Amino acid sequence: MVVIGWLLASYLLGAIPTSYLVGRIFRGVDLREVGSRNLGATNLYRTLGWRYAVPVGLFDVVKGAIPVALFGPRVPGIALFPVFCGVAAIMGHVFSVFVKFKGGKGVATAAGVVLGLAPLALLVVVVVWAIVVKLSGYVSLGSVIAASLFPLAAELLHPSRPEPLWFDIALAGFLVFKHRSNIQRLINGTENRFGNRHRPEPTAQA
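Conventions used here
- Within any chain, residue numbers begin from 1 and follow the written order of that chain's sequence.
- Only residues with pLDDT of 70 or above have their local features reported here, since the model is predicted, and side-chain atom pairs are shown and tallied only from 80 upward, although totals for entire chains, interfaces and linings are computed over all residues.
- Computation of side-chain values: all heavy atoms of the structure, hydrogens and water removed.
- One speaks of a salt bridge when a side-chain nitrogen belonging to Lys or Arg is within 4 Å of a carboxyl oxygen belonging to Asp or Glu.
- Secondary structure elements are defined from DSSP: runs of H or I of at least 4 residues count as helices, runs of E of at least 2 residues count as strands, and each element is numbered from the N terminus.
- Remark: exposure states derive from per-residue accessible area (1.4 Å probe, protein chains only) relative to the maximum for the residue type, with buried under 20%, exposed over 50%, and partly exposed in between.
- For the purposes of this section, nonpolar cores are sets of buried Ala, Val, Leu, Ile, Met, Phe, Trp, Tyr and Cys residues that join through side-chain atoms within 4.5 Å.
- Simply put, an axis is a line fit to the C-alpha atoms, just over the touching stretch for a helix, and the angle between two N-to-C directions goes from 0 to 180 degrees.
- By definition, turning the near helix anticlockwise from the far helix through less than a right angle yields a left-handed crossing, and turning it clockwise yields a right-handed one.
- Whether two residues are in contact is decided by their heavy atoms: any pair within 4.5 Å suffices.
- By the convention adopted, Pro, Cys, Tyr, Trp, Phe, Met, Ile, Leu, Val and Ala count as nonpolar, Lys, Arg, Asp and Glu as charged, and the other residues, Gly among them, as polar.
- Multiplying 1.5 Å by the helix residue count minus one yields the expected span of that helix.
- Consider a residue and the seven residues that end there alongside the seven that start there; fitting an axis to each set, the bend is the angle between those axes.
- Pairing of aromatic side chains requires ring centres within 6.5 Å, counting the rings of Phe and Tyr and the six-membered ring of Trp. Pairs whose planes differ by under 30 degrees are stacked, by over 60 edge-to-face, and all others tilted.
- Placement of a charge over a ring requires the Lys NZ or Arg CZ to be within 6 Å of the ring centre, with the centre-to-atom vector within 35 degrees of the ring normal.

Trainee: Would you explain the pattern of salt bridges in this entry?
Mentor: Close approach of charged atoms allows side chains of opposite charge to pair. The tally for this structure, following the rule as stated, stands at five salt bridges. Between D60 and K63 there is a salt bridge; the shortest N-O distance is 3.3 Å. Of this pair, D60 and K63 both sit in helix α4 (residues 50-71), three residues apart, roughly one helical turn. Judged by its relative accessible area of 2%, D60 falls in the buried class. Judged by relative accessible area, K63 falls into the buried class, the value being 1%. Note that D168 and R161 form a salt bridge whose closest N and O atoms lie 2.3 Å from each other. The class for D168 is buried, based on a relative accessible area of 0%. Through salt bridges with shared partners, a single network forms among R161, E163 and D168.

So this is what it looks like as structure tokens:
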């Protein structure tokens, strides 16, 4: 029961729909109906701007870091329990029970998980992400490349950590899979660049 309780707590923390709440409360906008219809910080930025997107993105990172750093050690008998808590948080963010199992792509929350498990690898992939976004203008391309690089970075920079290589590969594969529509738009030349903004009309409050 203790194991289930901490996993549930990790999921529910990850499931807090930060972008959705900020859009609805402060501007009366439902992010599920505008832009990419994604409940992530990037769509929030394109819709409402940096003032809203930056704190939301940081909170999404925290949603992944807390389960790994605080919840995981509560069950010391399972070496990989912090990993399981991190995965639960990511699933909560991507499939939030509070918004009909919708959510974001999971990149920021996954970054929080990696922060707790492999901080040096996170630093490397964040630098790569920033360079790719700066040069290309595409957040999705930066996210896909950074996620793909993570298993190698984790293996080289954290060789003695308990998390197995298959976890790194599975996490990277999941993040790339969540970006499959972005990848198709990149191939078609229709993907939105980072600087593009749209200002939707506020939707009616529920």
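Continuing now.
Trainee: I would appreciate a short explanation of the nonpolar core in the present structure.
Mentor: Soluble globular proteins tend to bury their nonpolar side chains together. Counting 22 residues, the largest nonpolar core has I90, V114, L117, A121, F150 and L171 as the members making the most contacts within it. Those elements giving two or more residues to this core turn out to be α5 (81-94), α6 (107-117), α7 (119-136), α8 (139-157) and α9 (165-178). With 11 residues, the next largest nonpolar core counts Y20, L39, L48 and V56 among its residues.

Trainee: Is there a simple way to think about the packing of helix α1 (residues 2-15) against α5 in this case?
Mentor: Helix-helix packing is described using two parameters, namely the angle between the two axes and the distance between the axes. Following both chains from N to C, one finds α1 and α5 inclined at 40 degrees, their axes separated by 6 Å at the closest point. When you trace α1 past α5, the crossing you get is right-handed. Contact residues: α1 offers V3, W6, L7, S10, Y11, G14 and A15, while α5 offers F81, F84, C85, A88, A89, M91, G92 and H93. Classifying every residue of the contact of α1 with α5 by side-chain character gives 11 nonpolar, four polar and no charged.

Trainee: Explain α8 here, please?
Mentor: Each α-helix turn comprises 3.6 residues. Residues three or four places apart therefore point the same way. Between its first and last C-alpha, α8 extends 25 Å over 19 residues, near the 27 Å set by a 1.5 Å rise per residue. The largest bend along α8 reaches roughly 35 degrees and is located at F150, with the proline P151 sitting one to four residues downstream. Every buried residue of α8 is accounted for by V139, S140, G142, S143, V144, A146, A147, F150, P151, A153 and A154. Turning to α8, the residues buried within the fold contact α3 (41-48), α6, α7, α9 and α10 (180-188).

Trainee: Mind showing me how you'd approach unusual backbone geometry here?
Mentor: With the exception of glycine, the majority of residues adopt a negative phi angle, and the majority of peptide bonds are in the trans configuration. We note that K100 has phi near 55 degrees; this positive angle belongs to a residue other than glycine. Structurally, the position occupied by K100 is in the loop between α5 and α6. Even without a glycine there, the phi angle at F101 is positive, about 60 degrees. If you trace the backbone, F101 turns up in the loop between α5 and α6.

Trainee: In this structure, what is going on with α5? I would like to understand it.
Mentor: With 14 residues, α5 extends 20 Å from end C-alpha to end C-alpha; this agrees with the ideal 20 Å at 1.5 Å per step. Summarising burial for α5: 11 of the 14 residues are buried, a large majority. Packed against the buried residues of α5 are α1, α4, α6 and α9.

Trainee: In this structure, what is going on with the packing of aromatic side chains? I would like to understand it.
Mentor: The geometry of an aromatic ring pair comes down to the distance between the two centres and the angle between the two planes. For the structure shown, the criterion picks out three aromatic pairs. The lysine or arginine in question, R180, covers the ring of F177, its NZ or CZ lying 4.1 Å from the ring centre.

Trainee: Hey, could you run me through the environment of E191 in this one?
Mentor: Position of E191 relative to the elements: it lies in the segment after α10. Taking the relative accessible area as the measure of exposure, E191 reaches 10% and is therefore buried. Between the alpha carbons of E191 and Y138 there is a distance of 7.7 Å; along the sequence they are 53 residues apart. Excluding its chain neighbours within four sequence positions, the residues that come into contact with E191 are Y138, S140, N182, R185 and L186.

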